[in-house]
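# Secondary and tertiary structure notes
Here are the chains, one letter per residue:
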Amino acid sequence: MPRRSSPQVQHAVIHGHRRAYVRMGSGPALLLLHGLGCDHTTWAPVMESLARTHTVIAPDLLGHGESDKPRADYSLGGYANGMRDLLTVLGIDRVTVVGHSFGGGVAMQFAYQFPERAERLVLVASGGLGPEVSPAIRAITTPGFHQVMSVLAAPGVRHVTTAAMRVLAATGISQLRDLDEVADIYDSFKDPRARAAIAHVVRAVVDWRGQVVTMADRAYLTEAMPMCVVWGSDDQVIPVSHASNASALAPTARVEVLPNAGHFPHKDHPERFARIVRDFIRSTEPSHYDRERWRELLDEGAAVQPVQAQAGSAPVRPVHSVRRAAGA
């Protein structure tokens, strides 16, 4: 797929750290959150289309792209706080938040922490819906990652490896289609600050067994917020079976599995992806935070309870249980 030129990048300094973002279009706001090691350009194939009807905000998360890469809080909660503060600086009160991969985890956390500012939730091949994740991501959590990557990111090795990845991605083999994106992520590791930031990000949500952060225990709160889940059928990074987990955890969620798509369905099928997002927004009413309804949901608890993992283990898939009666 030919690369598109990126719109002008703007910057805002918040808490002393420079944050890069792109703003396009007008209308109701869409916040697009990229995945691990990526930046706002991952949304380039769909930004112009979505900006015809919406105000599109696509930031580089802290530690990524043109944003600063300080020694800072790289937890999901920290990222959610950062998105709230960026939107506040930009004068945007409410958004439909769209998150890809790790950005999906940030999107869920944002909706959980700031329900009064989230109108809808769109999760794209999202983390946080099951323990499984690719071995390459688990490897980032291992001791010595930074030292090994400093060798692998040396110019000669990096150039040969990224070129080979792009050649393989161009073969048309479905299992290799995402290697073009992986090459871009690998190339970003030439910056030691980026390597350190990404290692901090991954260790906050993944250990050697897989993902350790899950939405399972709070998914019932999506009853008060429209949710759409989009996945590629050939995803080799986070398995498409996690889309079924989303259906079990949030039965009212709209789930779309795109055939002939990998971990980046918004890049493999940009027109269809944009159409799904626009149709989802058009066919749902925005969530409006109701403190009493939120209290009721919290008091009632979940109709689907996650099996509790042992300390140090990844969370397991949810099992169905009967919601307790009010006042029980």
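Residues numbered from 1 in each chain as written. Predicted model: local features only at pLDDT ≥ 70, side-chain atom pairs only at ≥ 80, totals over all residues. Heavy atoms only, no water.

### Let's talk about the pairing of strand 2 (residues 17-24)
We apply this condition: Two strands pair if DSSP finds at least two bridges between them. Each helix is a run of H or I in the DSSP string that is no shorter than four residues. Each strand is a run of E no shorter than two, and both are numbered from the N terminus.
Examined bridge by bridge, strand 1 (residues 10-14) and strand 2 share 5 bridges and lie antiparallel to one another. When the sheet's bridge partners are listed, histidine 11 is paired in strand 2 with alanine 20. Counting the residues in the hairpin turn of strand 1 and strand 2 gives 2 residues, including histidine 15, whose phi is positive at 55 degrees. In the sheet, strand 2 pairs with strand 4 (residues 55-59) via 4 bridges, with the strands oriented antiparallel. Across the sheet, residue valine 22 finds its bridge partner in strand 4, namely alanine 58.

### Re the sheet that holds strand 6 (residues 118-124)
What counts here: For helices, the fitted line uses only the C-alpha atoms of the stretch in contact; every axis is such a line through C-alpha atoms, and the angle between N-to-C directions lies from 0 to 180 degrees. In this analysis, two residues are considered to be in contact whenever any of their non-hydrogen atoms come within 4.5 Å of each other.
Strands sit in the order 1-2-4-3-5-6-9-10 across an open sheet of 8 strands; the sheet is mixed. Pairing within the sheet leaves two strands with one partner each, and these edge strands are strand 1 and strand 10 (254-258). The average undirected angle you get between the axes of adjacent strands in this sheet is 20 degrees. The strands that helix 11 (residues 270-282) touches are strand 3 (29-33), strand 5 (95-100), strand 6, strand 9 (227-232) and strand 10; relative to strand 10, the one it contacts most, it runs at about 170 degrees.

### Re the pattern of salt bridges
For clarity, the cut-off: The term salt bridge refers to a pairing of a side-chain nitrogen on Lys or Arg with a carboxyl oxygen on Asp or Glu at a separation within 4 Å. Burial classes: relative accessible area under 20% of the type maximum marks a residue as buried, over 50% as exposed, and values in between as partly exposed (1.4 Å probe, protein chains only).
Taken as a whole and judged by the stated rule, the model has 8 salt bridges. Here arginine 94 makes a salt bridge to glutamate 119, at a shortest N to O gap of 3.3 Å. Placement of arginine 94 in the loop between helix 2 (76-89) and strand 5 and of glutamate 119 in strand 6 is noted, with a sequence separation of 25 residues between them. Accessibility expressed as a relative area gives 22% for arginine 94, which makes it partly exposed. A residue is classified by how much of its surface remains accessible, and glutamate 119, at 13% relative accessible area, is buried.

### A look at helix 11
We count it as follows: A helix is expected to reach a length of 1.5 Å times the quantity of its residues less one. Taking the helix axis as origin, the arc is that swept by the directions to the C-beta atoms.
Relative to the 18 Å expected for 13 residues at 1.5 Å per residue, helix 11 spans 18 Å between its end C-alpha atoms, a close match to the ideal helical length. Residues of helix 11 that are buried: Pro270, Phe273, Ala274, Ile276, Val277, Phe280 and Ile281. Taken down its axis, helix 11 places every buried residue within 155 degrees of arc, on the same side. Facing away from the buried side of helix 11 by more than 90 degrees, the exposed set consists of Glu271 and Arg282.

### Comments concerning helix 3 (residues 102-113)
For helix 3, spanning 12 residues, the distance from its first C-alpha to its last is 17 Å, which sits close to the expected 16 Å at 1.5 Å a residue. Here helix 3 lies mainly inside the structure; 10 of its 12 residues are buried. All of the buried residues along helix 3 are Phe102, Gly103, Gly104, Gly105, Val106, Ala107, Met108, Gln109, Phe110 and Ala111. As for helix 3, its buried residues are in contact with strand 3, helix 2, strand 5, strand 6, helix 8 (192-205) and helix 12 (291-300).

### Some words on the packing of helix 1 (residues 44-51) against helix 11
For clarity, the cut-off: Oblique is the label for any angle not under 35 degrees, not over 145, and not in the 65 to 115 range, which are roughly parallel, roughly antiparallel and roughly perpendicular in turn. Each crossing is labelled by how the near helix is turned from the far one, with a counterclockwise turn of less than a right angle marking it left-handed and a clockwise turn marking it right-handed. Ten residues, namely Ala, Val, Leu, Ile, Met, Phe, Trp, Tyr, Cys and Pro, are considered nonpolar, four, namely Asp, Glu, Lys and Arg, are considered charged, and the remaining ones, Gly among them, are considered polar.
Closest axis-to-axis distance for the helix 1/helix 11 pair is 9 Å, and the angle between their directions is 45 degrees. Comparing their axes, helix 11 and helix 1 come out oblique. Considering only the axes of helix 1 and helix 11, their crossing is right-handed. Where helix 1 approaches helix 11, its residues Pro45, Val46, Ser49 and Leu50 are matched on the opposing element by Pro270, Phe273, Ala274, Val277 and Arg278. Its residues assigned to classes, the contact of helix 1 with helix 11 shows 7 nonpolar, 1 polar and 1 charged.

### Some points on the pairing of strand 4
Just so we agree on the cut-off: Orienting the strands away from the viewer, one traces the path from the first strand over the helix to the second; a clockwise path indicates a right-handed crossover.
Across the 5 residues of strand 4, 5 count as buried, placing the element largely inside the fold. Here strand 4 shows two buried faces, one formed by Thr55, Ile57 and Pro59 and the other by Val56 and Ala58. In terms of strand pairing, strand 3 meets strand 4 through 3 bridges, oriented parallel. Along strand 4, the bridge assignment pairs alanine 29 with threonine 55. The β-α-β motif built from strand 3, the intervening helix 1 and the parallel element strand 4 has right-handed crossover chirality.

### Observations regarding unusual backbone geometry
Residues other than glycine seldom take positive phi values, yet histidine 15 does so here, at roughly 55 degrees. Among the secondary structure elements, histidine 15 is positioned in the loop between strand 1 and strand 2. Of the residues examined, histidine 15 reaches a relative accessible area of 60% and is grouped as exposed. The phi dihedral of alanine 125 falls on the positive side, at around 45 degrees, and the residue is not glycine.

### Digging into the packing of aromatic side chains
As a reminder, the rule being used: Here a Phe, Tyr or Trp ring, Trp counted by its six-membered ring, pairs with any other such ring whose centre lies within 6.5 Å, and the pair is stacked when the planes are under 30 degrees apart, edge-to-face when over 60, and tilted otherwise.
According to the stated counting rule, one finds 5 aromatic pairs in the structure shown. Taking 5.5 Å as the distance between ring centres and 75 degrees as the angle between the ring planes, the aromatic pair formed by tyrosine 79 and phenylalanine 102 counts as edge-to-face. Taken together, the positions of tyrosine 79 in helix 2 and phenylalanine 102 in helix 3 put the pair 23 residues apart, joining distant regions of the chain. Relative accessible area serves as the criterion here: at 3%, tyrosine 79 is assigned to the buried category. Here the aromatic cluster, defined as three or more aromatic residues joined through ring pairs, consists of Tyr74, Tyr79 and Phe102.

Take it as geometry only, folks, not as evidence of what the structure does.
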